[in-house]
Amino acid sequence: MILFYICILVVVYCALIFNKEWRSRANSFLLWFFIPFGLLFVVRRMGYIKASILSIFSPPAMFIVIIGGLSYLIDGHSEGVPASIPYHTAADLRRITGVDFPDVTPVDSAYYEDFNRSEISIKFVPRRPLSKAFYSKLRHACVADPCCWEKEESGYRYYILPEQPIDRPNGTHIRQVEVNGEMENDWQGDFIEVFVPFKGDTIYVKDGWAR
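Q: So what exactly am I meant to see when it comes to the packing of aromatic side chains here?
A: Any aromatic ring pair is given by two values, namely how distant the centres are and how the planes are angled relative to each other. Overall, the coordinates contain seven aromatic pairs when judged by the stated rule. With a centroid separation of 6.0 Å and 55 degrees between ring planes, the pair formed by phenylalanine 134 and tyrosine 135 is classed as tilted. Neither residue differs from the other here; phenylalanine 134 and tyrosine 135 are each classed as buried. Three or more aromatic residues joined by ring pairs form one cluster here, namely Phe101, Phe134, Tyr135, Tyr156 and Phe198.

Q: Sorry if this is basic, but what is going on with the pairing of strand β9 (residues 203-210) here?
A: Every regular strand shows the same layout, with side chains that alternate between the two sheet faces. Of the pairings in the sheet, the one linking strand β3 (residues 117-126) to β9 comprises eight bridges and is antiparallel in character. Looking at β9, one finds that serine 121 is bridged to lysine 206. Pairing geometry for strand β8 (residues 189-197) and β9, over seven bridges, is antiparallel. Across the sheet, the residue bridging to valine 194 is valine 205, located in β9. Hairpin connection of β8 to β9: five residues between the antiparallel strands, including glycine 200 at a positive phi of 95 degrees.

Q: Would you explain helix α7 (residues 132-144) in this entry?
A: Because an α-helix completes one turn every 3.6 residues, residues spaced three or four positions apart along the sequence face the same direction. The end-to-end C-alpha separation of α7 is 18 Å, in line with the 18 Å expected for 13 residues at 1.5 Å each. Taken together, the buried positions of α7 are Phe134, Tyr135, Leu138, Ala141 and Cys142. Viewed along the axis of α7, the buried residues span an arc of 105 degrees, placing them on a single side of the element. Across from the buried face of α7, at angles greater than 90 degrees, the exposed residues are Lys132, His140, Val143 and Ala144.

Q: Help me understand the environment of proline 162 in this model?
A: Counting through the fold element by element, proline 162 comes out in the loop between β5 (155-160) and β6 (176-179). You can call proline 162 buried: its relative accessible area is 1%. Along the primary structure proline 162 and isoleucine 174 are separated by 12 residues, whereas in three dimensions their C-alpha atoms are 4.8 Å apart. When near neighbours in sequence (up to four residues on either side) are disregarded, proline 162 contacts His173, Arg175, Asp190, Phe191 and Ile192.

Q: How should the layout of surface pockets be read in this particular structure?
A: Rolled over the atoms, a probe sized like a water molecule indicates the empty space that remains. Roughly 160 Å³ of internal volume is contained in the largest pocket. What lines the largest pocket is simply Thr97, Gly98, Val99, Lys137, His140, Ala141, Ala144, Asp145, Trp149 and Arg168. Here the lining of the largest pocket takes four residues from α7, the largest share from any one element. Among the residues forming the lining of the largest pocket, the class breakdown is four nonpolar, three polar and three charged.

Q: Explain the environment of alanine 210 to me, please; I cannot follow it from the model alone.
A: Considering the arrangement of structural elements, one finds alanine 210 in strand β9. The sequence separation of alanine 210 and serine 118 amounts to 92 residues, and the corresponding C-alpha distance is 6.6 Å. Not counting the four nearest positions on each side in its chain, alanine 210 is found in contact with Asn116, Arg117, Trp187, Gln188, Gly189 and Phe191.

Thresholds, definitions, all that
Residues numbered from 1 in each chain as written. Predicted model: local features only at pLDDT ≥ 70, side-chain atom pairs only at ≥ 80, totals over all residues. Heavy atoms only, no water. Phe/Tyr/Trp six-rings, centres within 6.5 Å; stacked < 30°, edge-to-face > 60°. Buried < 20%, exposed > 50% of the residue type's maximum accessible area, 1.4 Å probe, protein only. Pairing = 2+ DSSP bridges. Helix = DSSP H or I, 4+ residues; strand = E, 2+ residues; numbered from the N terminus. Expected span 1.5 Å × (residues − 1). Arc of directions from axis to C-beta. Contact = heavy atoms within 4.5 Å. 1 Å grid on protein atoms, 1.4 Å probe; cavity = no way out; pocket = protein on both sides within 12 Å on 5 of 7 lines; lining within 4 Å. Points joined across faces, edges and corners; volume = space filled by probe spheres on them. Nonpolar A, V, L, I, M, F, W, Y, C, P; charged D, E, K, R; others polar.

Worth remembering: the numbers are spatial, not functional.
Okay, structure coming up:
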């Protein structure tokens with residue numbers, strides 16, 4: 001590819017030196033090849049529309065677009081504090097999980113978005129220490145609702161691709177789509193994740209969208 005460009009530049013250089021008839025075209029080519037929107041310097045000779053269209057597809061402009069696109073894919077994200085949060089109370093947690101939670105208070109939240117997903121993370125603390133009776137409810141949920149609840153090494157995790165509007169106590173479940181005549185979980189779209197650790201008093205909730 002580099003050799004190809006060198007050959008082109010040699011031809012253009014020869015046109016500049018030895019052929020007066022092609023000199024203006026060679027100058028325009030160099031402006032197009034090396035300078036982003038360089039053809040706008042000769043817009044009177046080429047015409048505004050033609051110069052603009054050719055400038056958009058010039059090597060410098062395409063290079064900027066490719067580098068910008070790759071930079072966004074690699075590290076293009078935004079984060080901060082959300083303007084609002086979707087869940088505030090134990091009743092909200094019961095609505096999304098189907099499990100009765102103790103009284104909780106949201107104490108922190110954060111927002112994150114990149115090319116593949118966006119999510120709001122919320123931290124809750126119970127107004128009283130989590131009881132053995134509550135952990136017993138989570139153990140029962142892992143048996144009764146194993147597609148969404150599971151016991152891990154450090155706590156209980158709940159993950160669902162919810163039907164909307166979500167209301168687990170009233171029977172809403174995982175949304176599905178038809179693929180080759182069969183129903184499968186729809187992995188692209190809304191998700192909700194809840195984590196209750198064995199140690200500590202912080203309950204973590206994520207509500208978001210994934211590609």
